[in-house]
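Chain by chain, the residues run as shown.
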Amino acid sequence: MDNPPTLMIPGPTPVPEQVLLASAQPPISHRSTDFRTLMAEITAHLKWLHQTQHDVLILASSGTGAMEAGMINFLSPGDRVLVGCNGKFGDRWADLCQQFGLETERITVPWGQALAPKDFQQHLATEHQQPIKAVIITHSETSTGVLNDLEAIAREVKAHSQALIIVDAVTSLGICPVPMDEWGLDVVVSASQKGYRMPPGLGFVAVSPRAWQAYGSARFPRFYLDLGKSQKDAVANTTPFTPPVNLFFALQASLQMMRSEGLATMFAHQQCLMHATRTALRALNLPLFVPNDALASPAVTAIQPDAVDPESLRFQLQQHGVIIAAGQDHMRGQLIRIGHLGYICRRDILTTVAALEAALQDLEYPFHLGVGIQAVQHSFSQHSAGPSDLP
Ligand SMILES: Cc1ncc(COP(=O)(O)O)c(C=O)c1O
């Protein structure tokens, strides 16, 4: 039987059938009334998802394209920026900024730990002739499974500077609250293959009025990623270049699904999946890389096994039909990561933990068969889940 494996990586994620089918329609002209109607609906849903009244622009790009657009449109060569680095994606931002000739300062904490809001306060309070133009934060650090306290960091940044707050919400948007306007975020980037429950291919950049002010004087060259062009056309419900119209159909379907569930239900569902995963891993004595539940990302859980080789476990799990992710950069071979974002339901967690137990048994890891599954069941009985959790 040609049964597809259960995909439990932190993106691309499983995609609902109705979203896939929506993308299988014949393409339409992107200069038609039908397209403008589609775009108007999508734009309204995107604002709802970002909890914003401001612009949310769509790019044909991956998340990194959205990161680059979110940076080059609002800054100029030589500007000082402060980047929070506690994993691969924070580091990616810092590398990107350096590559473009920004004066890049980093607040670095070890992988697996969270960025401390007071470190931002201290850094910003230090006298300097040239103020920091932007503070850049990765909300959910996918490489480690840490959820940084974005709300508190944004509060410190606002209290001590005029800096723009640029946020990578690639694995937090749609997964936990990212209320852009309430938290005063200026630029929020995300990508379709994560919490959107969609295939890869679309990047998103939400932009505050303060960021648009900065756009006016920003001096990096830009053309395809010029968000001013996108915004001008978005007002007329169109795009400056040919959009991937079939992905727009998929986006419409996924956003309609999300709206019918509601943000609170979506976030409760993610909490339910995260807690069940963490409870099972604890029961199996597999050390969580982020032991503190308060710092854990509801998108991805990393473990750092000591009594079993992580890569052998990942390989063995694959033999039982479940794909999980490896550690990244210097943590490759030390960590394994279970993604529980996108179109994942409770059954997928049960499947993953059952397969994990089978793989551990193959590797002669000492544990009582069934303790992981029992822990999942117990966790499910304690965390209510919404309708999206069916079956
Ligand atoms: C937090 C975060 N930022 C940025 C990216 C980069 O996205 P992409 O691979 O779509 O370019 C990822 C991808 O996993 C991510 O998890």
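Residues numbered from 1 in each chain as written. Predicted model: local features only at pLDDT ≥ 70, side-chain atom pairs only at ≥ 80, totals over all residues. Heavy atoms only, no water.

Focus: the site of the ligand
This is how it is decided: Neighbouring residues are identified by heavy atoms, a residue being near a molecule or strand if any of them is within 4 Å of it. A 3.5 Å cut-off defines polar contacts: any pair of N or O atoms within that distance qualifies, except that in protein one atom must be a possible hydrogen donor and the other a possible acceptor, and neighbouring residues in sequence count only when both atoms are side-chain atoms. For accessible areas, the Shrake-Rupley method is used with a probe of radius 1.4 Å. Any residue's cover is judged against the shown protein chains and nothing else. For the purposes of this entry, the term helix denotes a DSSP run of H or I that reaches at least four residues, the term strand denotes a run of E that reaches at least two, and both are numbered from the N terminus. Ten residue types, Ala, Val, Leu, Ile, Met, Phe, Trp, Tyr, Cys and Pro, are classed as nonpolar, four, Asp, Glu, Lys and Arg, as charged, and the remainder, Gly among them, as polar.
Around the ligand sit 14 residues in total, of which S62, T64, T142, D168 and K194 are the nearest. The side chain of S62 places a nitrogen or oxygen atom 2.6 Å from an oxygen atom of the ligand. Separating an oxygen atom of the ligand from a side-chain N or O atom of K194 is a distance of 2.7 Å. Calculation on the ligand without its partners gives an accessible area of 390 Å², and the protein chains cover 87% of this total. Counting only elements with at least two residues in the shell around the ligand, the list comes to α3 (63–72) and α4 (88–99). By residue number, the principal contributor to the shell around the ligand is α3, which donates 3 residues. A per-class count over the shell around the ligand returns 3 nonpolar, 8 polar and 3 charged.

A closer look at the sheet that holds strand β9 (residues 187–191)
Sheets are built from strands that pair by backbone hydrogen bonding, the pairs being arranged parallel or antiparallel. We count it as follows: Two strands pair under a simple rule: DSSP has to find at least two bridges between them. Note on definitions: angles span 0 to 180 degrees between N-to-C directions of axes, and those axes are lines fitted to C-alpha atoms, for helices only across the stretch in contact.
Ordered by their spatial adjacency, 7 strands build an open sheet running β2-β10-β9-β8-β5-β3-β4, and the pairing between neighbours is mixed. Of all strands in the sheet, those bounded by a partner on one side alone are β2 (55–60) and β4 (103–108). Shown here is a sheet whose adjacent strand axes are inclined to one another by a mean of 20°, direction ignored. Note that strand β3 (residues 80–85) and strand β5 (residues 132–138) share 4 bridges and pair parallel.

Digging into the packing of aromatic side chains
Aromatic ring pairs are described here by two measures, namely the spacing of the ring centres and the angle between the planes. Here is the rule: Put simply, two rings from Phe, Tyr or Trp (the six-membered ring, in Trp's case) pair if the centres are within 6.5 Å, and we call them stacked under 30 degrees between planes, edge-to-face over 60, tilted for the rest.
With the rule as written, the count across this model stands at 8 aromatic pairs. Centre to centre, the rings of F35 and F248 are 5.5 Å apart; their planes meet at 35°, and the pair counts as tilted. Residue F35 is found in helix α2 (residues 33–50), and its partner F248 is found in helix α10 (residues 245–261); the two are separated by 213 residues along the sequence. Consider the rings of F223 and F241, whose centres lie 6.2 Å apart with planes at 35°: the pair is tilted. Here the residue F223 occupies a position in the loop between α8 (209–217) and α9 (227–235), and F241 occupies one in the loop between α9 and α10, the gap between them amounting to 18 residues.

A few points about the domain arrangement of the chain
What counts is decided by this rule: Boundaries between domains were set according to an automatic or database domain assignment. Throughout, a residue-residue contact means that at least one pair of heavy atoms, one from each residue, lies within 4.5 Å. Note on terms: buried area is the combined drop in 1.4 Å-probe accessible area of two parts once they are placed together, counting the loss on both. Salt bridges are counted wherever a side-chain nitrogen of Lys or Arg sits within 4 Å of a carboxyl oxygen of Asp or Glu.
Partitioning the chain into structural domains gives domain 1 (17–260) and domain 2 (263–389). Using only C-alpha atoms to locate each centre, domain 1 and domain 2 end up separated by 28 Å. Each partner contributes residues to the interface: domain 1 has 25 residues there, and domain 2 has 22 residues. Both faces combined, the contact of domain 1 with domain 2 buries some 2,100 Å², and carbon together with sulfur accounts for 67% of it. A per-residue breakdown of the area domain 1 buries against domain 2 is headed by W111, I175 and R197, which together make up 29% of the total. At the junction of domain 1 with domain 2, the criterion picks out 1 salt bridge. Across the pair D329 and K88 runs a salt bridge whose closest N-O atoms are separated by 3.1 Å. Inspection of the domain 1/domain 2 interface yields 5 residue pairs in polar contact (both at pLDDT 80 or more). Taken together, the residues of the side of domain 1 that touches domain 2 sort by class into 12 nonpolar, 10 polar and 3 charged.

Focus: the nonpolar core
In summary, soluble globular proteins display a tendency toward joint burial of nonpolar side chains. The condition that has to hold: In these notes, a set of buried Ala, Val, Leu, Ile, Met, Phe, Trp, Tyr and Cys residues joined through side-chain atoms within 4.5 Å is what counts as a nonpolar core. Remark: exposure states derive from per-residue accessible area (1.4 Å probe, protein chains only) relative to the maximum for the residue type, with buried under 20%, exposed over 50%, and partly exposed in between.
Residues F74 and L185 are the most contacted members of the largest nonpolar core, which totals 86 residues. It is α10 that provides the largest number of residues to this core, a total of 10 residues. The two domains that each donate at least three residues to this core are domain 1 (17–260) and domain 2 (263–389). Non-local contacts of L185, meaning those with residues more than four positions away in its chain, are made with L150, A154, I165, V167, V178, M180 and S208.

Concerning helix α6 (residues 150–160)
For an α-helix the count is 3.6 residues per turn, leaving residues at separations of three or four pointing the same way. Taken together, the buried positions of α6 are L150, A152, I153, A154 and V157. Structurally, α6 contributes buried residues whose contacts are with α5 (117–125), β5, β8 (164–168) and α7 (180–183).

Some thoughts on the side chain of T352
Topologically, T352 is positioned in helix α13 (residues 346–362). Judged by relative accessible area, which is 4%, T352 ranks as buried.

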